[in-house]
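# Observations on chain architecture
Here's the letter readout for the chains.
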Amino acid sequence: MLGICRNDQTKAYPFNSMPQDGAVINDRVDDLEVLVIFDAASKTAIPNRRRLNGQVSTFYEVEPTGPLPVEFRDVETGTRWNMLGQAIAGPLRGESLEQVPAFSGL
């Protein structure tokens, strides 16, 4: 399970309710626009801020072409991102999403 705390709000993302092929989740916890990337095979979940350069982006999963198991694009620019939150192709190539502090547990 991945948990995010923001101000007085807490949100849990149980791994057993995630899709078995992975997930890209656009969400909000209190005033924080958050993106959760989940890889089922490694049971890895990485939370990032969806705000970059003052704009909130919306993401969707795409077929991976690189060495990491999850890749996604943002709707606004079409930039392709890897599961570490690094822009690997498109107008924002070279940018990185900011990881959000979180906790994990069983």
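Everything below is about the structure printed above this text.
Residues numbered from 1 in each chain as written. Predicted model: local features only at pLDDT ≥ 70, side-chain atom pairs only at ≥ 80, totals over all residues. Heavy atoms only, no water.

### Digging into the nonpolar core
The test is simple: Definition of nonpolar core: a set of buried residues of the types Ala, Val, Leu, Ile, Met, Phe, Trp, Tyr and Cys, connected through side-chain atoms within 4.5 Å. Exposed residues in this analysis have more than 50% of their type's maximum accessible area, buried residues have under 20%, and partly exposed residues fall in between, with area computed by a 1.4 Å probe over protein chains only. Helix and strand definitions follow DSSP, with helices as H or I runs of at least four residues and strands as E runs of at least two, each counted in order from the N terminus. Whether two residues are in contact is decided by their heavy atoms: any pair within 4.5 Å suffices.
With 14 residues, the main nonpolar core has Ile4, Tyr13, Val34, Val36 and Phe38 as its most contacted residues. Secondary-structure elements contributing two or more residues to this core are strand 1 (2–6), strand 3 (23–29) and strand 4 (32–39). At 4 residues, the largest contribution of residues to this core is made by strand 4. In this structure phenylalanine 38 touches Phe15, Met18, Pro19, Gly22, Ala23, Lys43, Thr44, Ala45 and Val70, once residues within four positions along its chain are discounted. One finds Ile37, Phe72, Met83 and Leu92 within the second-largest nonpolar core, a separate group that totals 13 residues.

### Here we look at the pattern of salt bridges
Rules: A pair is scored as a salt bridge if a Lys or Arg side-chain nitrogen falls within 4 Å of a carboxyl oxygen belonging to Asp or Glu.
Counted according to the given criterion, the structure contains 6 salt bridges. Its salt-bridge partner being lysine 11, residue aspartate 27 comes within 2.8 Å of it at the nearest N-O pair. Pair noted here: aspartate 27 is in strand 3 and lysine 11 is in strand 2 (residues 9–13), with a separation of 16 residues, a long-range link. For lysine 11, a relative accessible area of 31% puts it in the partly exposed group. In this structure, arginine 28 and glutamate 33 form a salt bridge, with 2.3 Å as the shortest nitrogen-oxygen distance.

Purely geometric stuff here, so don't read any function into it on its own.
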